Amino acid sequence: MPDQKTVLYGLHAELGARFTPFAGYEMPIQYREGLRAEHLHTRSHAGLFDVSHMGQVRVTGRSLETALERALPLDFDGWPEGMQRYSLLLNERGGIEDDLMVTRLAGEVRIVVNAACKEKDLALLRTLCPDLSFELLDAALIALQGPAAESALPQARSLAFMQAGSLPLARAECLVSRSGYTGEDGFEISVPRASAERLARELLANPAVKPVGLGARDTLRLEAGLHLYGQDMDADTTVLEASLGWAIARSRRAGGKKEGGFPGANVYLRQQREGVSRRLVGLVGDEAVPVRHGAALVSADGAASGIVTSGTVSPSTQRAIMLASVRSELGEDAKLFAMVRDARRPVRISKLPFVPKRYKTRN
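Cut-offs applied
Residues numbered from 1 in each chain as written. Predicted model: local features only at pLDDT ≥ 70, side-chain atom pairs only at ≥ 80, totals over all residues. Heavy atoms only, no water. Helix = DSSP H or I, 4+ residues; strand = E, 2+ residues; numbered from the N terminus. Rg over C-alpha atoms; globule rule 2.2 N^0.38 Å. Buried < 20%, exposed > 50% of the residue type's maximum accessible area, 1.4 Å probe, protein only. Contact = heavy atoms within 4.5 Å. Pairing = 2+ DSSP bridges. Axes fitted to C-alpha atoms, helices over the stretch in contact; angles between N-to-C directions. Phe/Tyr/Trp six-rings, centres within 6.5 Å; stacked < 30°, edge-to-face > 60°. Lys NZ or Arg CZ within 6 Å of the ring centre and 35° of its normal. Core = buried A, V, L, I, M, F, W, Y, C linked by side-chain atoms within 4.5 Å.

Our next topic: the overall build of the protein chain. Within the protein chain, the secondary structure is distributed over 8 helices and 19 strands. Here the C-alpha atoms of the protein chain give a radius of gyration of 21 Å, agreeing with the 21 Å that 2.2 N^0.38 yields for 363 residues. Overall, the protein chain is about 65 × 50 × 45 Å in size when its C-alpha atoms are taken along their principal axes. Looking at the protein chain as a whole, 57% of its 363 residues are labelled buried. Here the contacts in the protein chain between residues at least 6 apart in sequence split such that 65% fall between residues at least 24 apart.

With that out of the way, let us pick up the sheet that holds strand 12 (residues 186-192). Read across the open sheet, the 6 strands follow the order 10-11-12-9-3-13; overall the sheet is mixed. Bordering the open sheet on either side are strand 10 (164-169) and strand 13 (209-211), each of which pairs with just one other strand. On average, adjacent strands in this sheet sit at an angle of 30° to one another, irrespective of strand direction. With 7 bridges joining them, strand 9 (residues 139-145) and strand 12 adopt antiparallel strand pairing. Pairing of Ala143 across the sheet is with Glu188, part of strand 12. Along the sheet face, helix 2 (residues 35-44) touches strand 3 (46-50), strand 9 and strand 13 and points at about 120° away from the line of strand 3.

Further remarks concern the packing of aromatic side chains. Per the counting criterion, the structure on display carries 5 aromatic pairs. Aromatic side chains Phe76 and Trp79 sit 4.6 Å apart centroid to centroid with 10° between the ring planes, which places their arrangement in the stacked category. The burial state of Phe76 is the same as that of Trp79; both residues are buried. Pairing Phe262 with Tyr268 gives two aromatic rings, centres 6.1 Å apart and planes at 50°, and the pair type is tilted. A relative accessible area of 6% means that Phe262 is categorised as buried. Lying over the aromatic face of Tyr9, Lys5 brings its terminal NZ or CZ to 5.0 Å of the ring centre. When the ring centre of Phe337 is taken as reference, the NZ or CZ atom of Arg344 above it lies at 4.2 Å.

Before going further, it helps to spend a moment on the sheet that holds strand 6 (residues 96-105). Pairing is antiparallel in the open sheet, where 5 strands are placed in the order 5-6-7-4-8. Edge strands, defined here as strands with exactly one partner in the open sheet, are strand 5 (83-90) and strand 8 (133-136). Within the sheet, the average angular offset between the axes of one strand and its neighbour, ignoring direction, is 30°. Where strand 4 (residues 55-60) lies against strand 7 (residues 108-113), 5 bridges are found, and the strand directions are antiparallel. In the strand pairing of strand 7, Val59 is matched with Val109.

Further remarks concern the environment of Leu8. Positionally, Leu8 belongs in the segment before helix 1 (9-14). For the pair formed by Leu8 and Asp50, sequence separation is 42 residues and the distance between their alpha carbons is 7.4 Å. For Leu8, the contacting residues outside a window of four places in its chain are Asp50, Ile142, Ala196, Glu197 and Ala200.

The next thing to look at is the nonpolar core. Nonpolar side chains in soluble globular proteins tend to end up buried together. Counting residues in each nonpolar core, the largest one holds 31 residues, and the members touching the most others are Tyr86, Leu88, Ile96, Met233, Val239 and Leu244. Elements with a contribution of two residues or more to this core: strand 5, strand 6, strand 9, helix 7 (214-223) and helix 8 (265-274). With residues near it in sequence (within four places) discarded, Leu244 still touches Tyr86, Leu88, Ile96, His227, Met233 and Val239. Core analysis: the next-biggest nonpolar cluster, separate from the first, contains 28 residues, Ile142, Ala148, Leu159 and Ala200 among them.

Set out below in structure tokens:
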């Protein structure tokens, strides 16, 4: 099947994008200035990303919140309208089928799912919640990220981190959330397809805003210590193995007032009690040598210790940075080596994020 194109494909081509197949779409990997320049511009000013390949799902129906709590490890009690939360779609083995952004609105819930998971997510959610309606929206999704994002989109200034609201932009009604996947302040904008290019051009007319491709999006999220579905977690990785226990609502954890009650809860609760044999951690190396996904990790005596799930050389720090699944018993001072083309590269466990996050948590 030929790759699909987002509604902004023509604009990307006009801007000199180099394309790559991704999740069934032809997506811009970088533009003329290159990945590193795009990455650093986002950290210092603002980057504009086309993330329209992601799935945007509108959920409606009777007993909406109660039904969704059976499908997702969320708690809608005390969750105000216009707030967004991160969640996980789990299978009965406790594995992660996808990670999601969930927004509660008046009379409906919006869920953003990963591009490669749209069809399987919808099928699973419809099975888990047969009385609800799940509509895949035909809308574009644009992310504006970086310290200059607010000045480039002053209409959204009143939103704080993880808040969402409806705003008129580019002569269209858009759903804007103060969120993103770079560790920077910024916004994600759901915009009708017919207005997407107009909005993108209006934002790019600001000299602080430049287009950014998937290459820099990946290095930005890795510096922020954020997981990538399909690499750092998958259907065979449990919540605690992925070090995502914080994504389970407190009330759904052991001893909570709504303990369990979601797919895979028995596995999650058992691992809460007994622990796990592997966990996801951050690693850094002192050399500017990239250690990529799939690289083996060994101890000083050569014993297998884990595997790198994501890795790059940080454009911000010029050090090798990685997420890795390692044996749980390894301490923070463990001496580890990554195997790169049969050479052993020293790495050490590091706290996340690698680069401080700069979310705006207050108006």
